[in-house]
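Commentary on secondary and tertiary structure
Each chain is listed here by its residues.
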Amino acid sequence: MEPGDRERAVRALAEVGAVARETEPAYKLYEVNLSAQYEASPMSLGALGEYLSGLETRLGLPEAE
């Protein structure tokens, strides 16, 4: 970016703001889908599924099937 290129800087800042506004809904969607996948088949998540299953066991929670 050229020094003093205000218009380009404003556009870039607007794009960053748009991405930031999309981050929370995208994360929520990821979280919901990850939870559904874990409930359906914990071991399909590999090491993460194993870790979470172990954590549930240590906490005395009912295991996901």
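Just so you know, these numbers come straight off a predicted model, no measurement behind them. (Residues numbered from 1 in each chain as written. Predicted model: local features only at pLDDT ≥ 70, side-chain atom pairs only at ≥ 80, totals over all residues. Heavy atoms only, no water.)

When helices and strands are tallied, the chain shows two helices and zero strands. Projecting the C-alpha coordinates of the chain onto the three principal axes gives extents of approximately 60 × 20 × 20 Å. Buried residues in the chain amount to 9% of all 65 residues. Mean positive and mean negative side-chain charge positions of the chain (6 and 12 charges, respectively) differ by 12 Å. (Helix = DSSP H or I, 4+ residues; strand = E, 2+ residues; numbered from the N terminus. Buried < 20%, exposed > 50% of the residue type's maximum accessible area, 1.4 Å probe, protein only. Lys, Arg positive; Asp, Glu negative; His and termini not counted. Charge placed at Lys NZ, Arg CZ, Asp CG, Glu CD.)

In this section: the packing of aromatic side chains. Throughout the structure, instances matching the rule amount to one aromatic pair. Ring geometry for Tyr-27 and Tyr-30: centres 5.9 Å apart, planes at 45°, overall tilted. Here the residue Tyr-27 and the residue Tyr-30 both occupy positions in helix H1 (residues 6–40), the gap between them amounting to three residues, near one helical turn. (Phe/Tyr/Trp six-rings, centres within 6.5 Å; stacked < 30°, edge-to-face > 60°.)

Another aspect to go through is the environment of Val-16. With respect to the helices, strands and loops of the structure, Val-16 is situated in helix H1. A sequence separation of 22 residues divides Val-16 from Tyr-38, and the C-alpha atoms of the two residues are 32 Å apart.

Quick look at the environment of Pro-42 now. Here Pro-42 shows up in the loop between H1 and helix H2 (47–59). Each C-alpha atom of the pair Pro-42 and Lys-28 lies 19 Å from the other, and the pair is 14 residues apart in sequence.

Locating Tyr-38 in the fold gives a position in helix H1. Of note is the side chain of Tyr-38, whose polar atom sits 3.0 Å from the side chain of Glu-56. (Polar contact = N/O pair within 3.5 Å; in protein donor to acceptor, adjacent residues only side chain to side chain.)

In this model, H2 (13 residues) spans 18 Å end to end at C-alpha, consistent with the 18 Å of a helix rising 1.5 Å per residue. Within the sequence span of H2, burial applies to Gly-49, Ser-53, Gly-54 and Glu-56. The buried residues of H2 occupy an angular sector of 160° when the element is viewed end-on, so they sit on one face. Away from its buried face, by an angle of more than 90 degrees, H2 presents the exposed residues Ala-47, Tyr-51, Arg-58 and Leu-59. Against H1 lie the buried residues of H2. (Expected span 1.5 Å × (residues − 1). Arc of directions from axis to C-beta. Contact = heavy atoms within 4.5 Å.)

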